[in-house]
Amino acid sequence: MKLNELRDAEGATHRRKRVARGPGSGKGKTAGRGIKGQKSRSGVAIKGFEGGQMPIYQRLAKRGFNKPNRKSFAVVNLGDLQKFVDAGKLDASQPVTEEALVASGLVRRRRDGVRVLGKGALSARLDLQVTGASASAVSAVESAGGSVTLAATAAAE
């Protein structure tokens, strides 16, 4: 491969559509907006408009609550840990830290920490050092002869 042969994949880039640039462009004169009417003018905002009827988003009751400071954890299942140990991507003899999980590729990024869940089977003896773990995951790791150490979150600083 040579530098002069490098190019984007087919369909990865798009030319910007330049409207109102003459009849030869195919989008001249009215620039695809049609003739007259509200949508041909500037400053149009009618996405939720229902012809004067009360819009559905106003008719329905407000529901739920989004906690602004909620924590988002990277999730790891026991079955995935076992697969990575079997593949040699995780060293079972060393403590399995959050940094080791990121380095192995099991976790893309730490977020507010890594949380281990009990889905799947674990036979390897692991010393896990993570932010959180479910009760079933802790019991499964300890029954396999390992240990789980819950670390304080680094994001709380």
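Residues numbered from 1 in each chain as written. Predicted model: local features only at pLDDT ≥ 70, side-chain atom pairs only at ≥ 80, totals over all residues. Heavy atoms only, no water.

Draft legend 1. Structural detail: the overall build of the protein. Counting secondary structure elements, the protein contains four helices and six strands. Across the protein, helices and strands are ordered from the amino to the carboxyl terminus as α-β-α-β-α-β-β-β-α-β. Relative to the compact-globule value of 15 Å for 157 residues, the protein shows a C-alpha radius of gyration of 28 Å, a clear excess of over 25%. The principal-axis extents of the C-alpha atoms in the protein amount to approximately 75 × 60 × 30 Å. For the protein, buried positions account for 24% of its 157 residues. Long-range contacts, defined as pairs at least 24 residues apart, comprise 43% of the intrachain contacts of the protein with a sequence gap of at least 6. Of the accessible surface of the protein, which amounts to about 12200 Å², a share of 50% is contributed by carbon and sulfur atoms. Charged side chains in the protein number 29 positive and 13 negative. The centres of these two groups are separated by 21 Å. (Helix = DSSP H or I, 4+ residues; strand = E, 2+ residues; numbered from the N terminus. Rg over C-alpha atoms; globule rule 2.2 N^0.38 Å. Buried < 20%, exposed > 50% of the residue type's maximum accessible area, 1.4 Å probe, protein only. Contact = heavy atoms within 4.5 Å. Areas by Shrake-Rupley, 256 points an atom, 1.4 Å probe, with all protein chains shown as cover. Lys, Arg positive; Asp, Glu negative; His and termini not counted. Charge placed at Lys NZ, Arg CZ, Asp CG, Glu CD.)

Draft legend 2. Examining the sheet that holds strand β1 (residues 74-77) more closely. If you trace the three strands from one edge of the open sheet to the other, you get β1-β3-β5, paired in parallel fashion. In this open sheet, the two edge strands, each paired with only one partner strand, are β1 and β5 (132-133). Note: strand β3 (residues 114-117) against β5, two bridges, orientation parallel. For Val116, the partnering residue across the bridge sits in β5 and is Ala133. The strands touched by helix α2 (residues 78-86) within the sheet are β1 and β3, with β1 carrying the most contacts at an inclination of about 70°. (Pairing = 2+ DSSP bridges. Axes fitted to C-alpha atoms, helices over the stretch in contact; angles between N-to-C directions.)

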